[in-house]
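Descriptive analysis of the structure
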Amino acid sequence: MVSVNVRDNNVDQALRVLKKKMQREGIFREMKLRRHYEKPSEKKAREGAENIRRCRKMDRKRRDRDGF
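Overview of the structure. (Residues numbered from 1 in each chain as written. Predicted model: local features only at pLDDT ≥ 70, side-chain atom pairs only at ≥ 80, totals over all residues. Heavy atoms only, no water.)

1. A look at a positive patch on the surface
A cluster of basic residues, Arg 56, Lys 57, Arg 60, Lys 61 and Arg 63, forms a positive patch on the protein surface. With relative accessibility at 45%, the residue Arg 60 sits in the partly exposed group. (Patch = residues over 30% accessible without salt bridge, like charges linked within 9 Å, V, L, I, M, F, W, Y side chains within 5 Å. Areas by Shrake-Rupley, 256 points an atom, 1.4 Å probe, with all protein chains shown as cover. Salt bridge = Lys/Arg side-chain N within 4 Å of Asp/Glu carboxyl O. Lys, Arg positive; Asp, Glu negative; His and termini not counted. Charge placed at Lys NZ, Arg CZ, Asp CG, Glu CD. Buried < 20%, exposed > 50% of the residue type's maximum accessible area, 1.4 Å probe, protein only.)

As structure tokens, then:
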């Protein structure tokens, strides 16, 4: 459960904090995915592509860090 305290009636700042927390929790991404039904085969293909993308990104960061 995401909660935010409003200080000094500053709703704009509280809204920014709430959006940042929701982004970190992955709520926006899940809302987008649940907007339409996703077939199991499409879900498997999407997750596989995400894994490949994540591995490539980690390899790139590792190479940059190690100086290759």
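Additional details are given in the paragraphs that follow.
2. So, the environment of Ser 3
For Ser 3, the position within the fold is in the segment before helix H1 (11–25). Under the relative-accessibility criterion, Ser 3 is labelled exposed at 52%. Between the C-alpha atom of Ser 3 and that of Glu 50, which follows or precedes it by 47 residues, the distance is 29 Å. (Helix = DSSP H or I, 4+ residues; strand = E, 2+ residues; numbered from the N terminus.)

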